[in-house]
Amino acid sequence: MLARCLSIVAIVALAVSFARAQEPTPDALQALPDFQIDVVLKADKDKHGSWISMAKDDKGRLLLAGQRGQAVTRLTLTDGKITKEEILKLPVSEGMGMLWLNDALYMDGFGKDSAGKGVFGLFRLRDPNGDGSFSSVEMLREWKNGSGEHGAHAILLGPDKQHLYIVCGNFVDQPADLLPSSPHRNFADDRVLPRAEDGNGFGAGKKPPGGSIFRMDLDGKNCELFASGDRNTYDVAFNADGELLGFDSDMEWDWGTPWYRPIRVYHATSGADMGFREGTAKWPTWYEDSLPPAVTIGIGCPTGVAFGTGAKFPARYQKAMYILDWTYGRLIAVHLVPNGSSYEGTWENFVAPKSLHEKSGKTPLNLTDVVIGDDGALYFTIGGRNTQAVLYRVTYIGKQPTDPVDSRNADGAPARALRHKLEAFHGHADASAVETAWPHLNSDDRFIRYAARLAIESQPIEQWKSRALSETQPQAAIEALLALARLGPKDTQADMLGALAKIPLASLTKSLQLHKLRVLEVSISRQGKPSDEFAKQIIAELDPVYPNEDEPMNRELSQVLLALDAPGAVGKTVALLAQAPTQEEQLIYALSLRTITTGWTADLRKQYFGWFTQKHEKTAHPQFVLQWFEDAGIAYNDGASFNNFVAHIHDDAVKTLSDAERKELEPIVSAFVPPGRGGRGNGRRQIPPHSFVKDWQMADIEPALDQVGKGRNFVRGRDAYEVAQCAACHKFGAAGGAIGPDLTAVSSRFKRRDILESIIEPSKVVSEQYMNTAVRLKNGDTIIGRIMEENDQKLTIRPDPLKDDKVEIKKSDIDVRKLSPVSPMPQGLANNLSKEEILDLIAYMESGGNRDHPDFQR
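The notes below deal with the structure included here. This is a predicted model, so every value here is computed, not measured.

**Some remarks on the overall build of the protein**
Broken down by element type, the protein carries 21 helices and 32 strands. Expressed as lengths along the three principal axes of its C-alpha atoms, the size of the protein is roughly 75 × 65 × 60 Å. Every one of the 858 residues in the protein was classed for burial, and the buried ones make up 62%. Taking all contacts inside the protein whose residues are at least 6 apart in sequence as the whole, residues at least 24 apart take part in 68%. On the protein, roughly 32,000 Å² of surface is accessible, and the fraction owed to carbon and sulfur atoms is 50%. One finds the centroid of the 99 positive side-chain charges in the protein at a distance of 2 Å from the centroid of its 113 negative side-chain charges.

**Some words on the environment of G130**
Mapped onto the secondary structure, G130 falls in the loop between β9 (118–126) and β10 (136–142). Residue G130 is classed as exposed on the basis of its relative accessible area of 59%. Taking the C-alpha atoms as reference points, G130 and L482, 352 residues apart in sequence, are found 56 Å from one another.

**Looking at the nonpolar core**
By size, the foremost hydrophobic cluster in this structure holds 89 residues, and its most contacted members are W464, L542, Y608 and F609. Of the residues forming this core, the biggest block, 9 residues, is contributed by helix α6 (residues 474–487). Sequence-distant contacts of F609, that is, excluding residues within four places in its chain, are made with H650, A653, V654, L657, L665, I668 and V669.

**Details of the packing of aromatic side chains**
Throughout the structure, instances matching the rule amount to 30 aromatic pairs. When the centroid spacing of 5.1 Å and the interplanar angle of 65 degrees are considered together, the rings of Y322 and F350 count as edge-to-face. With a gap of 28 residues between them, Y322 in strand β20 (residues 321–325) and F350 in strand β22 (residues 342–353) connect regions that are remote in the sequence. The buried category is assigned to Y322, whose relative accessible area is 0%. Each ring, one from F714 and one from F856, has its centre 5.2 Å from the other, and the planes form 90 degrees; the classification is edge-to-face. Pair noted here: F714 is in helix α18 (residues 714–723) and F856 is in the segment after α21 (835–847), with a separation of 142 residues, a long-range link. Joined through ring pairs, the aromatic side chains of F35, F313, Y317, Y322, F350 and Y396 make up one cluster. If you follow R141 out to its NZ or CZ, it ends over the ring of W143, 6.0 Å from the centre.

**Examining α6**
Between its first and last C-alpha, α6 extends 20 Å over 14 residues, near the 20 Å set by a 1.5 Å rise per residue. Within α6, 12 of the 14 residues are buried, leaving the element largely enclosed by the surrounding structure. The elements touched by buried residues of α6 are α4 (446–457), α5 (465–470), α7 (493–501) and α8 (510–527).

**Examining the sheet that holds strand β21 (residues 330–339)**
Taking strand neighbours across the sheet as the criterion, the 5 strands line up as β1-β22-β21-β20-β19 in an open arrangement whose pairing is antiparallel. The open sheet has two free edges, formed respectively by β1 (29–31) and β19 (302–307), since each of these has just one partner strand. Pairs of neighbouring strands in the sheet enclose a mean axial angle of 30 degrees, with direction left out of account. For β1 and β22, the ladder comprises 3 bridges, and the chain directions are antiparallel. Looking across to β22, one finds that L29 is bridged to P353.

**Focus on helix α20 (residues 752–760)**
Within α20, 8 of the 9 residues are buried, leaving the element largely enclosed by the surrounding structure. Every buried residue belonging to α20 is among R752, D754, I755, L756, E757, S758, I759 and I760, and all of these are buried. Against the buried residues of α20 lie α17 (698–701) and α21.

**A closer look at the packing of helix α11 (residues 569–579) against helix α12 (residues 583–593)**
Put simply, α11 and α12 touch, their axes get as near as 8 Å, and they point 150 degrees apart. For the crossing formed where α11 meets α12, the hand is left-handed. Of the residues in α12, those in contact with V570, T573, V574, L576 and L577 of α11 are Q586, Y589, A590 and L593.

**A closer look at the sheet that holds strand β6 (residues 81–88)**
Pairing within the open sheet is antiparallel, and its 4 strands lie in the order β3-β4-β5-β6. A single partner strand is all that each edge strand has here, and the edge strands are β3 (53–56) and β6. Averaged over all pairs of adjacent strands, the angle between strand axes in this sheet comes to 20 degrees, irrespective of strand direction. Here β3 runs beside strand β4 (residues 62–65); their pairing, made up of 4 bridges, is antiparallel. Residue M54 lies in a different strand from β4, and its bridge partner there is L64.

**What to know about the pairing of strand β16 (residues 244–248)**
Of all the 5 residues making up β16, 5 are buried; the element is thus mostly covered by neighbouring parts of the structure. Burial along β16 is two-sided: the residues L244, G246 and D248 and L245 and F247 are all buried. By the bridge criterion, 3 bridges tie strand β15 (residues 236–238) to β16 in an arrangement that is antiparallel. Note on β16: the bridge partner recorded for A237 is L245.

**Observations concerning the packing of helix α10 (residues 551–563) against α11**
Packing of α10 against α11 leaves a shortest axis separation of 10 Å and a crossing angle of 150 degrees. By the criterion of interaxial angle, the relationship of α10 to α11 is roughly antiparallel. Regarding α10 and α11, the two cross each other, and that crossing is left-handed. Residues N554, S558, L561 and L562 of α10 form the contact with α11, whose participating residues are A569, V570, T573 and L576. For the contact of α10 with α11, the residue count by class is 5 nonpolar, 3 polar and no charged.

**Some details on the pattern of salt bridges**
Considering all chains together, one arrives at 49 salt bridges under this definition. In this structure, the salt-bridge partner of E197 is R195, at a minimum N-O distance of 3.2 Å. Between R776 and D815 there is a salt bridge whose closest N-O contact spans 2.9 Å. With R776 in strand β28 (residues 773–777) and D815 in strand β32 (residues 814–819), this residue pair connects regions lying 39 residues apart in the sequence.

Reading the values: the criteria
Residues numbered from 1 in each chain as written. Predicted model: local features only at pLDDT ≥ 70, side-chain atom pairs only at ≥ 80, totals over all residues. Heavy atoms only, no water. Helix = DSSP H or I, 4+ residues; strand = E, 2+ residues; numbered from the N terminus. Buried < 20%, exposed > 50% of the residue type's maximum accessible area, 1.4 Å probe, protein only. Contact = heavy atoms within 4.5 Å. Areas by Shrake-Rupley, 256 points an atom, 1.4 Å probe, with all protein chains shown as cover. Lys, Arg positive; Asp, Glu negative; His and termini not counted. Charge placed at Lys NZ, Arg CZ, Asp CG, Glu CD. Core = buried A, V, L, I, M, F, W, Y, C linked by side-chain atoms within 4.5 Å. Phe/Tyr/Trp six-rings, centres within 6.5 Å; stacked < 30°, edge-to-face > 60°. Lys NZ or Arg CZ within 6 Å of the ring centre and 35° of its normal. Expected span 1.5 Å × (residues − 1). Pairing = 2+ DSSP bridges. Axes fitted to C-alpha atoms, helices over the stretch in contact; angles between N-to-C directions. Left-handed = near helix turned anticlockwise from the far one by under 90°. Parallel < 35°, antiparallel > 145°, perpendicular 65-115°, else oblique. Nonpolar A, V, L, I, M, F, W, Y, C, P; charged D, E, K, R; others polar. Salt bridge = Lys/Arg side-chain N within 4 Å of Asp/Glu carboxyl O.

Below is the structure:
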């Protein structure tokens with residue numbers, strides 16, 4: 001469970017912890033009133049490992065899985081006390097997800113296939129001898145690219161008791177044997193302008209559908225893609241209504257951009273697309289071909305999920321959904337209520353460090369998984385990334401009744417039943433589907449409209465094309481034409497656009513206006529740029545309302561009009577860029593303009609490129625964005641990819657210039673200094689060179705870690721940060737690079753020993769999101785570096801993280817490619833520091849750069 005999201009701020013270099021020297025005690029944690037926290041077991045690293053997931057078996061025993069070859073711990077508990085502890089040396093390890101079903105343990109992890117080859121897959125283990133060896137092992141299916149933080153995760157039994165539901169992150173390949181009956185299919189980026197890849201190359205070239213939920217039988221066969229478009233959900237759960245809900249991450253490197261989406265609780269219905277796409281292509285919530293979140297949280301790293309069914313808690317907390325944030329140490333209770341055929345809700349911190357909002361230091365609480373025990377208590381673990389693991393127990397000690405309640409929701413039941421009726425048509429032809437589903441294209445319930453459209457899309461297009469073109473109710477017509485844009489060949493575009501033109505934009509609500517624009521975008525993306533005649537008609541309708549008083553409308557209008565080369569669109573968009581009050585809105589227009597080649601004047605070019613050279617440090621952010629950071633207990637800061645996103649947008653725009661334009665604009669173009677490279681937010685200090693001191697080992701420094709907590713030297717720690725070259729690769733506040741993990745709030749995640757280990761032994765624990773890729777060519781050469789771009793023909797690799805030089809490799813020339821276990825962080829960066837300077841460095845990192853932190857008090 002650490003393995004859940006990119007939101008898990010990885011440790012490849014100096015990224016690990018700097019907070020407390022010990023794991024958090026119950027006294028350091030804050031639960032809601034009348035709830036008590038107790039420690040059940042502190043893991044012995046050598047024996048138990050670092051726990052990343054948890055499950056219950058048929059006897060109510062807790063199973064706690066370690067990482068990277070570590071054992072599974074089985075605990076028999078009575079009233080929260082351990083009566084028996086067993087260390088199970090299973091033939092499968094790295095259990096990212098576990099499920100006990102019937103007489104077997106299902107696990108997503110590393111094992112061997114029938115040929116003895118090591119693979120990451122779905123395994124079923126049985127223990128015929130009853131000795132804990134689980135010697136009977138079946139590999140039910142391999143997960144291609146299934147290991148690691150963005151791999152195969154949670155396993156659930158469906159309400160029908162006949163199907164498994166398995167959650168996979170956005171790097172797992174779609175299985176080759178997916179059934180054509182899959183509810184979710186026909187996916188694409190569906191962006192009208194080309195996406196920009198992640199500023200640091202993460203996920204570059206990865207195509208939809210992103211993270212996925214698969215449904216299959218109990219033998220791992222007959223696999224269907226049930227839902228997708230999440231990023232890297234680690235865990236999902238069925239509520240008492242039998243509905244599937246999950247907790248999804250987003251790319252924290254995207255903070256400060258309009259394409260960052262807050263971490264969210266979502267309702268995974270049949271065929272659902274939650275809209276995640278790589279790079280800048282992520283969909284906003286108003287796209288009608290996706291489904292919106294039930295609850296948004298803000299920032300963090302989603303890990304374990306469980307409903308409170310079976311807990312000896314008051315009714316409100318029996319009904320709650322419990323979700324875990326690994327990064328900021330929040331065990332959150334989400335309170336969902338029906339909203340039509342879906343849900344909406346609120347959230348509160350159920351357990352969190354008392355220091356969550358303290359400026360002087362935080363207690364790390366690396367939450368990994370949660371279950372409701374047979375005794376009615378809530379159990380949760382911390383651990384992951386080889387950090388100290390602990391099992392905690394939460395009980396209710398108040399006076400409210402804790403008798404079991406019926407957590408099913410009577411409200412919304414008819415709407416959910418209707419949605420299920422429509423979902424029964426997904427993925428297969430049925431003569432009654434179109435007639436049954438069509439009236440519900442006009443529903444006010446977005447989830448019912450979505451289910452109805454997918455039911456219709458599952459039928460041959462000849463059965464419903466003419467009806468879509470002749471529909472007169474605006475909502476139903478737009479929904480039907482969206483289906484036609486998604487599925488219709490190029491020769492249907494003219495008829496589709498003609499029908500869409502009969503629904504005047506001015507006659508629609510803002511919501512329907514956005515839906516109509518979305519149909520245009522999908523059509524252009526899939527069916528191509530329309531004929532000049534239709535392009536002129538579309539421009540004539542949209543141009544008078546652009547710019548708009550509504551930001552989402554401007555966001556979509558700018559893309560459509562620019563894609564159609566509308567006269568005046570560039571000038572209007574440049575004006576919006578200059579006027580936009582927030583950094584996020586400005587980036588919308590900067591991104592949209594970057595590949596446009598027509599409609600420019602010399603003055604507009606100067607205004608556009610002039611935006612890049614402005615000082616943006618005090619540019620505002622929406623209040624809700626600032627609230628996300630406040631809720632997590634940290635100050636706002638741009639994500640680690642922000643600087644490179646801006647630099648790459650500028651680079652793409654320069655590529656559109658003619659030779660004459662390039663010459664004319666040379667002074668303003670060359671004046672741009674990419675953020676973090678001597679311009680905005682660089683903050684690098686020049687420190688006199690240090691000579692070699694010692695080849696430091698863990699044993700040299702670890703005994704002195706207690707000295708970090710008081711009397712350290714702030715200036716010396718800040719200087720040590722520069723001497724060790726941390727700022728070259730790591731973002732810290734507004735300054736630094738983006739090659740390694742963001743260290744801004746690292747004290748909320750890790751402990752002092754971990755940071756020391758990451759400095760002294762940087763390759764011991766390396767996150768896949770920061771790993772280099774080793775490519776061996778057919779001619780015998782090997783190239784190692786960071787993949788920056790990838791398509792069907794080639795890879796683009798940056799061998800040296802501190803240089804911009806790139807190497808293009810034809811895929812046809814590749815013999816083998818694999819992740820390199822060697823950290824990009826060089827060994828020995830602290831060897832020019834004294835012991836006291838290393839301790840000051842840890843204090844500096846622990847303080848978040850705050851000289852008033854207790855570590856610097858005498």
